[in-house]
Amino acid sequence: MRRLNWERVVSILLLAPAVIAVAIFVYGFIGWTAYASLTKWDQMLPDFTLAGLSNYQKLFANQRFQIDLRNTVVFTIVFLVSCLIIGLTLAILLDQRIRGEGFFRSVYLFPMSISFIVTGVVWRWLLNPGSPELGSTGINLLFDMLGLGFLKTGWYTDPKIGIIAVAIAATWQMSGYTMAMYLAGLRAIPDELREAARVDGASEWQIVRYILLPILQPVTLSAVIVLGHISLKIYDLVVAMTGPGIGFATDVPAYFMWDTTFRGNHFARGAAIATVLLIMVAILIVPYLVHSIRTEAEL
Amino acid sequence: MKKLVSLIMIMAILAVFVPTAFAAPPAQKGQDYIVLAGDWLAKIANKYLGNPYAWPAIMALTNQKHLTDSTYATIINADLIEPGWKLYVPSKDEAEAFLATYDKNKPEMLYAKGAKGQLVVGSWWTAGGEAEGLNGMFKIYKAKYPDVQIVNATVAGGAGTNFKAILKTRLIGGDPPDTFQLHAGLEVEGYSPEQYLEPVDAIYASEGLEKVFPADLLSLLKYKDHYWGVPVNIHRSNVLWYNKKVFEANNLTPPTTFEEFKTVAEALKAKGITPFVLGTKDGWEAGHIFEDVLAGTLGAEKYKGLWTGATPWTDPGVTQALENFKMMLSYANPDHSAHTWDSAGEYLIAGTGGMMIMGDWTNGWFTSKGFDGYGWAPPPGTKGIFVALSDSFALPKNAPNAENAQNWLKVCGSKEGQEAFNPQKGSICARTDCDPTLFNEYLQSAMKDWAVDAIVPSVVHGAAAYESWVTDYKDVITLFVANKDVAAAQAGLQQACVDAGICK
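Just so you know, the residues in each chain are numbered from 1, in the order the chain's sequence is written. All chains are assigned letters beginning at A, and all ligands numbers beginning at 1, according to the order in which they are written. Side-chain atom pairs in this predicted model are given and counted only at pLDDT of 80 or more, local residue features only at pLDDT of at least 70, and totals for whole chains, interfaces and linings cover all residues.

Considerations on the overall build of chain B
Tallying secondary structure elements over chain B gives 22 helices and 16 strands in all. Based on the C-alpha atoms only, the size of chain B along its principal axes is roughly 85 × 65 × 50 Å. Split into buried and exposed, the 504 residues of chain B put 49% on the buried side. The contact criterion used here is simple: two residues whose C-beta atoms, placed from the backbone, lie within 7 Å are in contact. Pairs at least 24 apart in sequence give 76% of the contacts found in chain B among residues at least 6 apart. For helices the rule is a DSSP run of H or I covering at least 4 residues; for strands it is a run of E covering at least 2, with both sets numbered from the N terminus onward. Put simply, a residue is buried when 20 or more other C-beta atoms lie within 10 Å of its own C-beta and exposed when 12 or fewer do; between those, it is partly exposed, and each C-beta is set from the backbone.

Shown next, in the form of structure tokens:
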């Protein structure tokens, strides 16, 4: 062990407040929540009798939670895939050195500066299904005017596709951000590589497929991590846009957690949902952290 | 050199944590201030103390001065100061000393600690008619007990979500307010009343409340053979609202049975009018309507039995109720999950919708919309049944000013107290002897029913069952609205009852 010299003391002193605060307010509270999830705390006054894993057993048997998990999976897939595809496409188009690039870049990036609450309210109206008596509104009205009436659906009021409607709103907001990440990645690729490929007779598609995409792999990974944890934790958008929805069509675990804890007083169940959410995010993030720490160590 | 830099950095960090040591405050003394039109506390605080967030110091120290010198005003509501009032604006030092100890979860710190003590009233009535009604009761209390400082400890937040969280920590921590708002009925169970609350049976006896509240209400208020609160108001859950013009134009009358509901709905549908206007976005509305359908199908006695275990949830009557509800849903607007009850109510106002079922706060909403073409009737099967919800005030154990709180509960139960509160809140008196002329036409009709109807508790609004059961019940109904699976819903309702520990 290295000797405690003055500089080490200073650095420890400077770090200590942050480390202590994080230890208590992040890890301490995570531990506390996990502990609460193992108790019988089922009303307003705490009851810390240990109940083992029974809260988790009941939770996974709960119909609403099963629907929530399915919604999370569907939402994550739709949101991630469409964000990546739209983001990459926009980035490649913008990378063609077109005129007014700055303008388009701002337009695509703009939704990201809006809060999910605003997005939710706006898209609630855009995707409002309307009714036969009152006529269509929003996108359905647009379909009507374009003579595409057969495309009209109930959007988030349709139990089968409700969560996809929410994913559309989230995609609208976050695909510009994905574009920005890809654009930064593309700009870092030297032109020589593309020119060399063109000299070798590669088509534009082949350049994208065999040159750009492999080089952009770390960007894709980062985007997946950022978007993935947003989609697992999504809450504000759902609150503003739809609530739990018809038959919980647009319900998500975070909403259920809030509902059951603060309306239903099922504190232990709420803590169990929080713990499950944490584990889900950890499954996504930890391999990435390990990977990036290793890469850094190699450098 | 490096050492020096580190030292400077440490000094800088210390300076952030101990800023007062370096910034000497300008000399300034406390002064009197006469309120002008257009003043508010934060504005005065900003002008004289350089910090709008220092307003609590002005409020607390003015109230303190009032004790010894009555030319100073008493500020009960921080948002309400009137021109001409004399306030005390403290010096910066005084203000900072106060703010250092001030805890915004303890509003009683804003009020003077007088010889006769305070009365800390906890509630979630912060807006509109509710706050005005509460102030009306404060005035009556103030006239009777002028020496007591009333502390209006409201915490904003729908249905008291935030308020309850703060209240809970205060109860557990042995630092309760003197009295607090509580939904009448089984919600009291969540507070472990035997441990944390004082029974108020003595007030019922001394004020003769058992004679002026309907017997059904009394049995609803009793938990473990004691009364735990005094109700101030009553809302009705089961009201069917309809558009008069639409009904007259089609020669229809409000349906009294589920069969008639179907006939009326068909007639409206044939005219291209949405028969049954519904909004389910907030998750509780469908549960609210279903409680009225349950009462209408099962009748008052069997409905009450559902919440005590006397009527099993496997009863064929429950199956029938679910079938009736399913029939009604088939006449609802298809976009109901996109609407709250009030945004769906716009259909009814516009005349494109015929009927809706919602509590009697709808009356106030129609009025605020300037719409008067509405009529009301009990929903199918509930004639002679009053599905009720009520707010009451309770008395915690170890209340610091228990005597003042008991006097407050007496005001809550009194005729004048209820007459001051309810016309403002848009509810009716829990007492049956209030003066009807103080109330509008709808509330007068509700008062007549209140005196004679069978009273049963509302589920969704906390009277019939405790909250954990209520949320499970709501979840089942939310699923039912989507999949209309009667058998699954009935099994779910039964399971909720078992989880609540009532059914076996």
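Some thoughts on the overall build of chain A
Broken down by element type, chain A carries 13 helices and zero strands. In sequence order, the secondary structure elements of chain A are arranged as α-α-α-α-α-α-α-α-α-α-α-α-α. Both definitions apply: the radius of gyration is a C-alpha atom measure, and the globule rule equals 2.2 Å times residues to the power 0.38. Taking 2.2 N^0.38 as the reference for a compact globule, 299 residues should give roughly 19 Å; the C-alpha atoms of chain A span a radius of gyration of 24 Å, well beyond that estimate. For chain A, the spread of C-alpha atoms along the three principal axes comes to 80 × 70 × 30 Å.

Here we look at the interface of chain A and chain B
When the parts of a complex come together, some accessible area is lost, and that lost area is often taken as the interface size. The partner chain B presents 31 residues to the 33 residues of chain A that form the contact. Breaking the side of chain A that touches chain B down by element, the ones donating at least two residues are helix 1 (6–36), helix 3 (63–94) and helix 12 (253–263) of chain A. Of all the elements, helix 12 of chain A adds the most residues to the side of chain A that touches chain B, at four residues. Polar here means any residue other than Ala, Val, Leu, Ile, Met, Phe, Trp, Tyr, Cys and Pro, which are nonpolar, and Asp, Glu, Lys and Arg, which are charged; Gly is therefore polar. For the side of chain A that touches chain B, the residue count by class is twelve nonpolar, 14 polar and seven charged.

A look at the pairing of strand 10 (residues 240–243) of chain B
All names here are of chain B. Burial of the side chains of strand 10 extends over both faces: Leu 240 and Tyr 242 are buried on one face and Trp 241 and Asn 243 on the other. A strand pair is defined by DSSP finding two or more bridges across the two strands. By the bridge criterion, three bridges tie strand 10 to strand 12 (residues 353–357) in an arrangement that is antiparallel. Each residue of the ladder has a partner; that of Tyr 242, found in strand 12, is Met 355. As paired elements, strand 10 and strand 13 (residues 374–377) share four bridges and run antiparallel to each other. Opposite Asn 243, over in strand 13, you have Tyr 374 as the bridge partner.

Describing the sheet that holds strand 10 of chain B
Residues and elements named next belong to chain B. Strand order in this open sheet of four strands is 11-12-10-13, and the pairing throughout is mixed. Where the open sheet ends on each side, the last strands, each with one partner, are strand 11 (274–276) and strand 13. Direction aside, neighbouring strands of the sheet carry axes that sit 20 degrees apart on average. Of the strand pairs in this sheet, strand 11 and strand 12 are connected by two bridges, and their pairing is parallel. Bridged to Phe 276 within strand 12 is Met 355. Fitting a line to C-alpha atoms yields each axis, with helices limited to the stretch in contact; the angle taken between N-to-C directions then spans 0 to 180 degrees.

A look at the nonpolar core
Put simply, a nonpolar core is a cluster of buried Ala, Val, Leu, Ile, Met, Phe, Trp, Tyr and Cys residues tied together by C-beta atoms within 7 Å. In terms of nonpolar packing, the biggest core is built from 202 residues, with Val 166 of chain A together with Ile 58, Trp 241, Phe 393 and Trp 408 of chain B touching the most fellow members. Look past the residues within four positions of Val 166 of chain A in its chain and what remains in contact with it is Phe 75, Tyr 156, Leu 237, Val 238, Met 241, Thr 242 and Thr 250 of chain A.

Considering the sheet that holds strand 9 (residues 235–236) of chain B
Residue and element names in this part refer to chain B. Judged by pairing direction, the sheet is mixed, and its three strands sit side by side in the order 9-14-16 without closing on themselves. Only two strands of the sheet have a single partner each, and these edge strands are strand 9 and strand 16 (454–457). As defined by bridge partners, strand 14 (residues 385–389) adjoins strand 16 across four bridges and the pair is classed as parallel. Bridge assignment links Val 387 to a residue of strand 16, and that residue is Val 456.

Digging into the environment of Ala 267 of chain B
Residues and elements named next belong to chain B. Of note, Ala 267 is situated in helix 12 (residues 258–270). The exposure class of Ala 267 is partly exposed, given the 16 C-beta atoms found within 10 Å. Sequence spacing of Ala 267 and Tyr 242 is 25 residues, and the spatial spacing of their C-alpha atoms is 14 Å.

Re the packing of helix 3 (residues 55–68) of chain B against helix 4 (residues 92–101) of chain B
Residues and elements named next belong to chain B. Helix 4 packs onto helix 3 with a crossing angle of 95 degrees between their chain directions and a minimal axis gap of 9 Å. Compared by their axis directions, helix 3 and helix 4 come out roughly perpendicular. Here helix 3 contributes Pro 56, Ala 57, Ala 60 and Leu 61 to the contact with helix 4, which in turn contributes Glu 94, Ala 95, Phe 98 and Leu 99. Taken together, the residues of the contact of helix 3 with helix 4 break down into seven nonpolar, no polar and one charged. Any angle that is under 35 degrees is reported as roughly parallel, and any over 145 degrees as roughly antiparallel; angles of 65 to 115 degrees are reported as roughly perpendicular and all others as oblique.

Some thoughts on helix 12 of chain A
Those residues of helix 12 of chain A that fall on the buried side of the exposure criterion are Pro 253, Ala 254, Tyr 255, Phe 256, Met 257, Asp 259 and Thr 260 of chain A. Positive backbone phi, at 60 degrees, marks Asn 265 of chain A, one or two positions downstream of helix 12 of chain A.

Some words on helix 5 (residues 116–126) of chain A
Residues and elements named next belong to chain A. Among all positions of helix 5, only Phe 116, Thr 119, Gly 120, Trp 123 and Arg 124 are buried. One side of helix 5 carries all its buried residues, which in axial view fall inside an arc of 135 degrees. Buried residues along helix 5 sit in contact with helix 7 (162–187) and helix 11 (236–241). To be clear, the arc concerns the directions from the helix axis to the C-beta atoms.

Here we look at the environment of Thr 340 of chain B
Residues and elements named next belong to chain B. Among the structural elements, Thr 340 can be located in the loop between helix 15 (316–329) and helix 16 (341–350). Residue Thr 340 is classed as partly exposed on the basis of its 14 C-beta neighbours within 10 Å. Placed 59 residues apart in sequence, Thr 340 and Lys 281 show a C-alpha to C-alpha distance of 5.1 Å. Not counting the four nearest positions on each side in its chain, Thr 340 is found in contact with Gly 279, Lys 281 and Asp 282.

Examining the confidence of the model for chain B
Residue and element names in this part refer to chain B. Confidence scores here are pLDDT values: one per residue, from the predictor, ranging 0 to 100. Per-residue confidence for chain B gives a mean pLDDT of 87, with 92% of residues at or over 70. This stretch, residues 18–27, has a pLDDT under 50; its non-local contacts, to residues over four places away or in other chains, come to three contacts. As a predicted assembly, this complex carries a pTM of 0.73 together with an ipTM value of 0.71.

Thoughts on unusual backbone geometry
Positive phi values are uncommon outside glycine, yet Trp 155 of chain A reaches one of about 50 degrees. Turning to its location among the elements, Trp 155 of chain A is positioned in the loop between helix 6 (138–145) and helix 7. By the C-beta count within 10 Å, which is 25 here, Trp 155 of chain A ends up buried. Of note, the phi angle at Asn 398 of chain B is positive, near 60 degrees, even though the residue is not glycine. By the secondary structure assignment, Asn 398 of chain B is in the loop between strand 15 (391–394) and helix 18 (402–413).

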